[in-house]
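# Residue-level structural notes
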2 protein chains.
Amino acid sequence: MNIILLSGGSGKRLWPLSNDIRSKQFIKIFKTPQGEYESMVQRVYRQLLRTDKDARVTIATSRTQVSSIRNQLGEAVGISVEPCRRDTFPAIALATAYLHDVQGVSAEEPVVVCPVDPAVEQDYFEALAKLGQLAAEGDANLVLMGIEPTYPSEKYGYIIPGSRDAVSGVKAFKEKPDAETAKEYISRGALWNGGVFAYKLKYVLDKAHELIDFTDYHDLFDRYETLTRISLDYAVVEKEEHIKVMRFNGQWKDLGTWNTLTEAMDDACVGNAIQNETCRNVHVINELDLPVLCMGLKDIVVSASPEGILVSDKEQSSYIKPYVDEIERPVMFAEKSWGSFRVMDIEDGSMTIKVTLNAGHMMNYHSHKLRDEVWTIISGTGRTIVDGMEQPVKPGDVVTMQAGCRHTIIADTELKVMEVQLGEEISVHDKQKFRLES
Amino acid sequence: MNIILLSGGSGKRLWPLSNDIRSKQFIKIFKTPQGEYESMVQRVYRQLLRTDKDARVTIATSRTQVSSIRNQLGEAVGISVEPCRRDTFPAIALATAYLHDVQGVSAEEPVVVCPVDPAVEQDYFEALAKLGQLAAEGDANLVLMGIEPTYPSEKYGYIIPGSRDAVSGVKAFKEKPDAETAKEYISRGALWNGGVFAYKLKYVLDKAHELIDFTDYHDLFDRYETLTRISLDYAVVEKEEHIKVMRFNGQWKDLGTWNTLTEAMDDACVGNAIQNETCRNVHVINELDLPVLCMGLKDIVVSASPEGILVSDKEQSSYIKPYVDEIERPVMFAEKSWGSFRVMDIEDGSMTIKVTLNAGHMMNYHSHKLRDEVWTIISGTGRTIVDGMEQPVKPGDVVTMQAGCRHTIIADTELKVMEVQLGEEISVHDKQKFRLES
């Protein structure tokens, strides 16, 4: 099975765990059968491989997510990077071209596309395989998954199927309705459109060539910024006559708000937290090194990260966005391809950052114009290169770097460093990268 | 007026703002008329001096509070340090001897004793002055304040007065009753015993000499550990025949739990916090450098400090103690005579601490057996002395100290230092102090 997982952008609706550079799909709040915590993207990947161990998985995403995907899924997964946002048709065209031109997938093979974030069970992945099979059989150019609605949601588009059969034609597509209209649709047998569908690779590739002037994947990638924003639904789905819908009546939960996300959590507390026995329907996700104590709470989510602390009634939590927009704050924590960093302290003229490098990884070789830096190694061993000079480092070693000096650090084991930045203007943009002569 | 403020021990009922070394009376959550935040002890001191600018104020407290008192009240206030806890009679005897032998107060002068922590208005301090006057007049050996009860509290002892007059004899003392009994007492005209009273200095001094074998304040201080624990009520008050009670019907609120403390707060939020418009009766006290966002909460207190985060229903918050007892955690923040420190990070084999020294102050000259240390100056200027060598320091300067090396730092301006401690065993007890040769 060829599968494209659409890994959407960052969002503020799960603040403080999601931010401008970190998305909900990377938060580790679910449990594996072995009892370890895993993220949405890890869970969907594990479930996929369990259904089809040879599945070829490609994640269509933005550049900012590449480090987190590599950290959480390793090197085996394919990544189709969208250079910028251009809606779903360009994104799916790019990922399809990537499958064909980079991964060497035949134009005749079926491709299944689905979002990375709903909470689903094993039956969903079996349905995906079936969807791919239907596309391969070629009775239709596009085969959609139609999810049996559990309530008259206003969040989804609806598909009116031609019959009550497991697989049928499509009578009509409906935009996100209000609750009244949704009820009426459902009484007419309508299904949710969850953005899950399958096609033969060449079908989308041909559509892409019809609508966009490009030669191959690399050419499409290079001109991506010039493309018009257009959704797949508008560009393709709603115009296609040879289209079918396959019913799915298993679990399919959108985890876009704290309210729905906490419903899908396996534990009431993730991280250092205590709830007393008078708490009811309370969830705590605590990424800080501080204990959280909850007493006498009902229907509340508490979420704490280096970005901030949310304490919200669960239903209210869906109205979070405008409040988070008001909170201006530099990014305090980030996962990188080489490890992670966390801002520990900000003073006028200084910033202290704890840097963790994974074993075998290194920072870019770089310099800063407007700040000096001091590294104190707090654990692990490795090497620093400062203005071309390599030195081994161990806990307690100190490296001081004047503004302008080129530097990097290489982790031989996992390496933790307390970095103090000093200067009148400390900015993430003050960074020049250099190639390291070997 | 000579006044002894009893500044009680640390408590866990206001966790995470109070801990083993920090007490509720030092938390800055009230507002001065100028709009600045002040603590309980600062407020009571300010209110006292407003009533009587020449008041001689002595704080009876434990050693652990001396730094906080000096930081918050300055050098003018007297401090009678109890070397250990020995209940109220030894504490008041020691403070009374301190007034006589150290401050030179005449044995004929009245002394007023009151706890540091209730929330009161100006009329209370006028009542204290009146209480002292009554003691000076000498009609009774002890004059108690009897507080008009506002509800049948189980938290206080009761005084049954001889009459309904403003000042009267005492018919009986009653231990803390249950609510039913409290109601009955109140129907008989009983008053709360808030631990507020006045006497002529020599009265308590004579009682002390009767019950304890000592010569003067210094002798009493030295043998303090050998004294028997006994309350003033038991040792003196309940046996005294020449005793009066003066009614007080102004505001007098005990601030011992989050529920009562938040009632007395001037602002709903102290620190970086947002409440959305659906919050009702919510208080946030946030000492962290992180924003707190509250949505849709009712009757809740949120309190965040380097010790942890509390989210509690206000009524439930009075049951906090056993939960906090379960939280084992090194002290993460402390005020010292020279400034303050905050633990930023703990790893196996290292601990990172942000140290703030007040201008003109210095650490003790000291060494550690089992750890190395690295200082990176992040702001301010001063001098370090390392193994006798003095060096000026400024932001960006780094000082490395091997185990065994003697060191201190002197702040010429306010000085902030990121200190990384490195060693297999990092403990507050690994510290030898030395006299600095000048």
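As a reminder, the structure under discussion sits directly above these lines.
Model, not experiment: these values are computed from the prediction. (Residues numbered from 1 in each chain as written. Chains lettered and ligands numbered in written order. Predicted model: local features only at pLDDT ≥ 70, side-chain atom pairs only at ≥ 80, totals over all residues. Heavy atoms only, no water.)

## Some remarks on the packing of aromatic side chains
Here the structure, examined in full by the defined rule, presents 22 aromatic pairs over all chains. Judged by centre distance (5.5 Å) and plane angle (70°), the rings of Tyr 98 of chain A and Tyr 217 of chain A are edge-to-face. Residue Tyr 98 of chain A is located in helix 3 (residues 88-101), and its partner Tyr 217 of chain A is located in helix 7 (residues 217-222); the two are separated by 119 residues in the primary sequence. Taken as a pair, Tyr 98 of chain A and Tyr 217 of chain A share a single burial class, namely buried. With centroids separated by 4.7 Å and ring planes inclined at 45°, the aromatic side chains of Tyr 156 of chain B and Trp 192 of chain B adopt a geometry described as tilted. One end of the pair, Tyr 156 of chain B, is in the loop between strand 8 (142-147) and strand 9 (157-161); the other, Trp 192 of chain B, is in strand 11 (residues 191-200), with 36 residues separating them in the sequence. Exposure remark for Tyr 156 of chain B: the relative accessible area of 9% places this residue in the buried category. Members of the aromatic cluster, each reached through a chain of ring pairs, are Tyr 151, Tyr 156, Trp 192 and Trp 252 of chain A. Just above the ring of Phe 434 of chain A sits the side chain of Arg 406 of chain A; from NZ or CZ to the centre is 3.6 Å. (Phe/Tyr/Trp six-rings, centres within 6.5 Å; stacked < 30°, edge-to-face > 60°. Helix = DSSP H or I, 4+ residues; strand = E, 2+ residues; numbered from the N terminus. Buried < 20%, exposed > 50% of the residue type's maximum accessible area, 1.4 Å probe, protein only. Lys NZ or Arg CZ within 6 Å of the ring centre and 35° of its normal.)

## Observations regarding the interface of chain B and chain A
At the interface, 55 residues of chain B touch 55 residues of chain A. Carbon and sulfur atoms make up 67% of the surface buried where chain B meets chain A, a total of about 4200 Å² over both sides. Of all residues in chain B, Leu 293, Met 295 and Tyr 323 of chain B give up the largest surface area on contact with chain A, accounting jointly for 16% of the area buried on that side. One can count six salt bridges joining chain B with chain A. On the surface where chain B and chain A come into contact, there are 22 residue pairs in polar contact (both at pLDDT 80 or more). Sorting elements by how many residues they give to the side of chain B that touches chain A places strand 19 (residues 308-313) of chain B first, with six residues. Its residues placed into classes, the side of chain B that touches chain A shows 31 nonpolar, 14 polar and 10 charged. Pairing of strand 19 (residues 308-313) of chain A with strand 17 (residues 292-295) of chain B involves four bridges; the strand directions are parallel. Pairing of Ile 309 of chain A across the sheet is with Val 292 of chain B, part of strand 17 of chain B. (Contact = heavy atoms within 4.5 Å. Buried area = accessible area lost by both parts, 1.4 Å probe. Salt bridge = Lys/Arg side-chain N within 4 Å of Asp/Glu carboxyl O. Polar contact = N/O pair within 3.5 Å; in protein donor to acceptor, adjacent residues only side chain to side chain. Nonpolar A, V, L, I, M, F, W, Y, C, P; charged D, E, K, R; others polar. Pairing = 2+ DSSP bridges.)

## Some details on the relation of the copies chain B and chain A
Mapping chain B onto chain A is achieved by rotating through 180° and translating by 0.0 Å along the same axis, at an RMSD of 0.1 Å. Read as a symmetry element, the transformation amounts to a two-fold axis. It is Met 344 of chain B whose C-alpha, among those of chain B, lies nearest the rotation axis, at 3.4 Å. Of the residues that chain B buries at the interface, 100% are likewise interface residues in chain A, meaning the two copies contact each other through the same surface. (Least-squares fit on C-alpha atoms with pLDDT ≥ 70 in both.)

## Notes on the sheet that holds strand 19 of chain B
Taking strand neighbours across the sheet as the criterion, the six strands line up as 15(A)-17(A)-19(B)-18(B)-16(B)-14(B) in an open arrangement whose pairing is mixed. Edge positions in the sheet fall to strand 15 (273-275) of chain A together with strand 14 (269-270) of chain B, since each has one partner strand and no second. Sheet topology places strand 14 of chain B next to strand 16 (residues 280-286) of chain B; two bridges connect them, and they run parallel. Looking at strand 16 of chain B, one finds that Val 270 of chain B is bridged to Ile 285 of chain B.

## Digging into unusual backbone geometry
Following Trp 15 of chain A, the chain continues into Pro 16 of chain A via a peptide bond in cis, with omega recorded as 5°. You can see Pro 16 of chain A is positioned in the loop between strand 1 (2-6) and strand 2 (30-31). The phi angle at Asp 387 of chain A is positive, at roughly 50°, despite the residue not being glycine. The phi angle at Asn 281 of chain B is positive, at roughly 50°, despite the residue not being glycine. Topologically, Asn 281 of chain B is positioned in strand 16.

## Regarding the packing of helix 3 of chain A against helix 6 (residues 201-211) of chain A
All names here are of chain A. Put simply, helix 3 and helix 6 touch, their axes get as near as 9 Å, and they point 120° apart. Here helix 6 runs oblique to helix 3, going by the angle between their axes. Taken as a pair, helix 3 and helix 6 cross one another with a handedness that is left-handed. Contacts from Phe 89, Ile 92, Ala 93, Thr 96, Ala 97, Leu 99 and His 100 in helix 3 reach Leu 201, Val 204, Leu 205, Lys 207, Ala 208 and Leu 211 in helix 6. Partitioning the contact of helix 3 with helix 6 into residue classes produces 10 nonpolar, two polar and one charged. (Axes fitted to C-alpha atoms, helices over the stretch in contact; angles between N-to-C directions. Parallel < 35°, antiparallel > 145°, perpendicular 65-115°, else oblique. Left-handed = near helix turned anticlockwise from the far one by under 90°.)

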